[in-house]
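Single-letter residue listing:
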Amino acid sequence: MEQALDDIFHALGDATRRRMLRELAFGERTVSQLAAPFDMSLAAASKHIKVLEGAGLIRRDVKGRTHFCTLEPGPLARAHEWLEFYERFWTGRLDELERLLREEDGHEARTRERGEEQ
């Protein structure tokens, strides 16, 4: 599991690969279609695709000489599950900060009211 997460986050750590994944979210694409928005050779695009394949984020099917890529959402779900822990952690911390700030605001308001009464 840890190696799988390492592979997923390594694959997601590159902007080109993230853009390729986003494109695949709209449907199957060929390697040529995935390479088109970038100033890179098909060989370079293929290297990025191999990293995505290695992480299980995409599936590549070969039909004749054409390679078709499809998004595999399962690994993204595992990465999301891992990140949810930190989302809950930070949400809890921010909720506590909000509570403390509201408490402080209430204390300051009461202090001002007392000063105006005197």
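It should be noted that the structure appears before, not after, this text.
So, a few notes on the structure that sits alongside this text. If you're wondering where the values come from, they're calculated on a predicted model, not measured in any experiment.

Things to note about the packing of helix α2 (residues 15-24) against helix α4 (residues 42-54)
Here comes step 1: One can describe the packing of α2 onto α4 by two numbers: an axis separation of 10 Å at closest approach and a directional angle of 75°. As the angle between them shows, α2 and α4 are arranged roughly perpendicular. The segment α2 lies against α4, with T16, R17, M20 and L21 engaging A45, H48, I49, V51 and L52.
Here comes step 2: Its residues placed into classes, the contact of α2 with α4 shows six nonpolar, two polar and one charged.

Focus on the pattern of salt bridges
Here comes step 1: Under the definition given, this model contains seven salt bridges.
Here comes step 2: Here E23 makes a salt bridge to R29, at a shortest N to O gap of 2.8 Å.
Here comes step 3: Residue E23 is classed as partly exposed on the basis of its relative accessible area of 32%.
Here comes step 4: Taking relative accessible area as the criterion, R29 reaches 18% and is therefore assigned buried.
Here comes step 5: We note a salt bridge from D61 to R59, for which the minimum N-O separation is 3.3 Å.
Here comes step 6: Among the charged side chains, a network of salt bridges with common partners joins R59, D61 and E72.

Here we look at the pairing of strand β3 (residues 66-71)
Here comes step 1: Here two bridges tie strand β1 (residues 29-30) to β3, and the two strands are oriented antiparallel to one another. Within β3, the position partnered with T30 by the bridge is F68.
Here comes step 2: For strand β2 (residues 58-63) and β3, the ladder comprises six bridges, and the chain directions are antiparallel. What sits directly across from I58, in β3, is L71.
Here comes step 3: What sits between the antiparallel neighbours β2 and β3 is a turn of two residues, in which G64 has the positive phi angle 70°.

Quick notes on the rules
Residues numbered from 1 in each chain as written. Predicted model: local features only at pLDDT ≥ 70, side-chain atom pairs only at ≥ 80, totals over all residues. Heavy atoms only, no water. Axes fitted to C-alpha atoms, helices over the stretch in contact; angles between N-to-C directions. Helix = DSSP H or I, 4+ residues; strand = E, 2+ residues; numbered from the N terminus. Parallel < 35°, antiparallel > 145°, perpendicular 65-115°, else oblique. Contact = heavy atoms within 4.5 Å. Nonpolar A, V, L, I, M, F, W, Y, C, P; charged D, E, K, R; others polar. Salt bridge = Lys/Arg side-chain N within 4 Å of Asp/Glu carboxyl O. Buried < 20%, exposed > 50% of the residue type's maximum accessible area, 1.4 Å probe, protein only. Pairing = 2+ DSSP bridges.

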